[in-house]
Amino acid sequence: MAKEIWDALAIKRALTRITYEIIEQNKGTDDLVLVGIKTRGVHLANRIHDRIQKLEGVDVPVGELDITLYRDDRHDALLKQDPVVNSDNVGVDINNKRVVLIDDVIYTGRTIRAAMDALMHVGRPSLIKVAVLVDRGHRELPIRADFVGKNIPTSADEQVAVNVVEKDGKDSVELKALPK
């Protein structure tokens, strides 16, 4: 059974706050690039882009990143299948840019590590920051988010599910118990 933690309005407010923080820490939008981690991170990146455009009147580049081939915890499953070649092309120039990696949830830190590896394969940003809607703790790597919508303490037998209207038909953040 899922317990709703945030509704659509709470998500909108969090993304607006994150947008202001990104602009403030970057001291504007010069050399700023947003990169969403597929799948839900891309939708969140596009929403932050739209808010920046409304606030600053600037069309900040937005890229997409598929980190499947860079995951360190999925190699056994990938080796048992025919290799799937996913594009490591972000779609925008990240060289000497201030990149904000955007994802829905940060948990162990492995997704963000894989995303940084993928970014470095594509180019050389001058700076990488991380924005997430939810930080649920339980890091396995020394990685943190620079911009966080909400910290939700969880146990290992729980899952945080971020739903976005573009993929799931609604905006919400839910806490679910994993089957035992």
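Residues numbered from 1 in each chain as written. Predicted model: local features only at pLDDT ≥ 70, side-chain atom pairs only at ≥ 80, totals over all residues. Heavy atoms only, no water.

*Asks:* A description of helix α2 (residues 40–56) should follow, citing residues and the corresponding values.
*Replies:* An α-helical turn contains 3.6 residues, so a residue and the one three or four places further along point in the same direction. Spanning 17 residues, α2 covers 24 Å between terminal C-alpha atoms, matching the ideal 24 Å at 1.5 Å per step. What α2 keeps buried is the set G41, V42, H43, L44, A45, R47, I48, H49, R51 and I52. Those residues of α2 that are buried lie in contact with α1 (8–26), β2 (32–37), β3 (62–65), β4 (98–106), β5 (127–135) and α5 (165–168). G57 sits one or two positions beyond α2 and adopts a positive phi of about 70 degrees. (Helix = DSSP H or I, 4+ residues; strand = E, 2+ residues; numbered from the N terminus. Expected span 1.5 Å × (residues − 1). Buried < 20%, exposed > 50% of the residue type's maximum accessible area, 1.4 Å probe, protein only. Contact = heavy atoms within 4.5 Å.)

*Asks:* I'd like to hear about the environment of W6, residue by residue, with values.
*Replies:* Relative to the assigned elements, W6 resides in strand β1 (residues 2–6). In this structure, the C-alpha to C-alpha distance between W6 and L175, residues 169 residues apart in sequence, is 9.6 Å. If we skip the residues at most four places from it in the chain, W6 touches I11, A14, L133, G149, K150, S172 and V173.

*Asks:* Could you give an account of the UniProt feature "short sequence motif: PRPP-binding" (unreviewed entry) in the chain, naming the residues involved and the relevant values?
*Replies:* When the UniProt feature table is mapped onto this chain, "short sequence motif: PRPP-binding" (unreviewed entry) is found at residues 99–111. Between the C-alpha atoms that bound residues 99–111 the distance is 16 Å, and the span itself is 15% helix and 62% strand. (UniProt positions renumbered as here; feature names shortened; annotations may be inferred.)

*Asks:* Tell me what's going on with the side chain of D66, and back it up with residues and numbers.
*Replies:* Within the element layout of this structure, D66 appears in the loop between β3 and α3 (75–79). No salt bridge is formed by the buried D66. Its closest oppositely charged neighbour is K38, at 4.8 Å. A distance of 2.6 Å separates a polar atom in the side chain of D66 from a polar atom in the side chain of T68. (Lys, Arg positive; Asp, Glu negative; His and termini not counted. Salt bridge = Lys/Arg side-chain N within 4 Å of Asp/Glu carboxyl O. Polar contact = N/O pair within 3.5 Å; in protein donor to acceptor, adjacent residues only side chain to side chain.)

*Asks:* Give me the lowdown on unusual backbone geometry, citing residues and values where you can.
*Replies:* Note that the residue after K38, namely T39, is joined by a cis bond; omega there is 15 degrees. Residue position: T39 is located in the loop between β2 and α2. Of note, the phi angle at H138 is positive, near 70 degrees, even though the residue is not glycine. By the element assignment, H138 lies in the loop between β5 and β6 (147–151).

*Asks:* Could you give an account of the sheet that holds β4, naming the residues involved and the relevant values?
*Replies:* Spatially, five strands are ordered β3-β2-β4-β5-β6 in an open sheet, and the strand pairing comes out parallel. In this open sheet, the two strands that pair with only one neighbour each are β3 and β6. Ignoring strand direction, the axes of neighbouring strands in this sheet form an average angle of 25 degrees. In this structure, β2 lies alongside β4, joined through five bridges in parallel fashion. Across the sheet, the residue bridging to V33 is V99, located in β4. In the packing of α1 onto the sheet, contacts are made with β2, β4, β5 and β6, and the angle to β6 comes to roughly 150 degrees. Contacting β2, β3, β4 and β5, helix α4 (residues 110–122) runs over the sheet at an angle of about 150 degrees to β4. (Pairing = 2+ DSSP bridges. Axes fitted to C-alpha atoms, helices over the stretch in contact; angles between N-to-C directions.)

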